[in-house]
Amino acid sequence: ERKENEARINNLAFFDPLTQLPNRRLLQDRLEHAITASTRKQNLGAVLFIDLDDFKTLNDNRGHHIGDLLLIAVADRLRAAVRAQDTVARLGGDEFLVVLEDLEANHDHAAAMAQQIAETILESLNEAYNLEGQDYFSTPSIGISLFGDRLAPIDELLKQADQAMYHAKAEGRNTCRFFDPKMQQHTAQRFALQHEIREALQQQQFTLFYQPQVDHTGAVIGVEALIRWFHPERGLV
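A quick note: this is a predicted structure, and the numbers were derived from the prediction, not measured.

Brief notes about the overall build of the protein chain
Counting its secondary structure elements, the protein chain contains seven helices and ten strands. For the protein chain, whose C-alpha radius of gyration is 24 Å, the value lies well above the compact-globule estimate of 18 Å for 237 residues. If you line up the protein chain on its principal axes, its C-alpha atoms span 85 × 50 × 35 Å. In the protein chain, which comprises 237 residues, the proportion classed as buried is 38%.

Digging into helix 3 (residues 55–62)
When helix 3 is considered as a whole, its buried residues turn out to be Phe-55, Leu-58 and Asn-59. For helix 3, the arc enclosing every buried residue in end-on projection is 100°, short of the 170-degree limit, so these residues lie on one face. Facing away from the buried side of helix 3 by over 90 degrees, the exposed positions are Lys-56, Asp-60 and Asn-61. The inward-facing, buried residues of helix 3 abut strand 1 (45–52), helix 4 (64–81) and strand 5 (134–136). Once helix 3 finishes, Gly-63 follows within two positions and takes phi at roughly 95°, a positive value.

Section: the pattern of salt bridges
Inspection of the entire model under this criterion finds eleven salt bridges. The residue Lys-169 makes a salt bridge to Asp-51 at a minimum N-O spacing of 2.9 Å. Residue Lys-169 is found in helix 6 (residues 154–170), and its partner Asp-51 is found in strand 1; the two are separated by 118 residues along the sequence. For the pair Lys-169 and Asp-51, a shared accessibility class is recorded, and that class is buried. For Asp-76, the salt bridge goes to Arg-79, with nearest N and O atoms at 2.7 Å. Highlighted residues: Asp-76 and Arg-79, both in helix 4, separated by three residues, approximately one helical turn. Look at Asp-76 and you get partly exposed, because its relative accessible area is 43%.

Each value, and the rule that gives it
Residues numbered from 1 in each chain as written. Predicted model: local features only at pLDDT ≥ 70, side-chain atom pairs only at ≥ 80, totals over all residues. Heavy atoms only, no water. Helix = DSSP H or I, 4+ residues; strand = E, 2+ residues; numbered from the N terminus. Rg over C-alpha atoms; globule rule 2.2 N^0.38 Å. Buried < 20%, exposed > 50% of the residue type's maximum accessible area, 1.4 Å probe, protein only. Arc of directions from axis to C-beta. Contact = heavy atoms within 4.5 Å. Salt bridge = Lys/Arg side-chain N within 4 Å of Asp/Glu carboxyl O.

Below you can see the structure in the form of structure tokens.
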């Protein structure tokens, strides 16, 4: 009975109770080992950040029970789509993470292998799910970040894959995208712009303009409402 209790406690500590995939805590440990092994073998690896598109819509319309069944089915398909040495984990909600180990030493070849596995996952997750006798369709967005070619903390690596996933969503969803420094620069610029807009609202730097709309005779038949931003550094935006 004591051994059963210990096994139960260990399972709760390291595995997601719904899908029985490794949880964030166990993922951290396995990713650390993967990065160490990648450095030792001089082979690249990859992190795939997977988010289900419109999962909230399914939950809201069909209930959390159907949503849970979908998550279990997705977990099973992810296990089947990757290799034996790879790790599939659930971060929470509809977010999953795959750690690919022992890819090629060559950056381009490793990226091609990671993309091939990501496309296999896309194809698998696009197939219909039969949940309690009814077919459902769900698509994923996948962000990919390679590791082993540069020193990067685990949190940074996960953030890069997460940014790549949101880039995939912005490109129309149901696709995969790689992280690159340009993407990080774009994200940083967007964050700075959002901060400046909040300040601009507080300092009342926005002004409303009405631009006349005329017909073929030149008569004003309406107006277009436009917001201009009097930026202290960039001038009129």
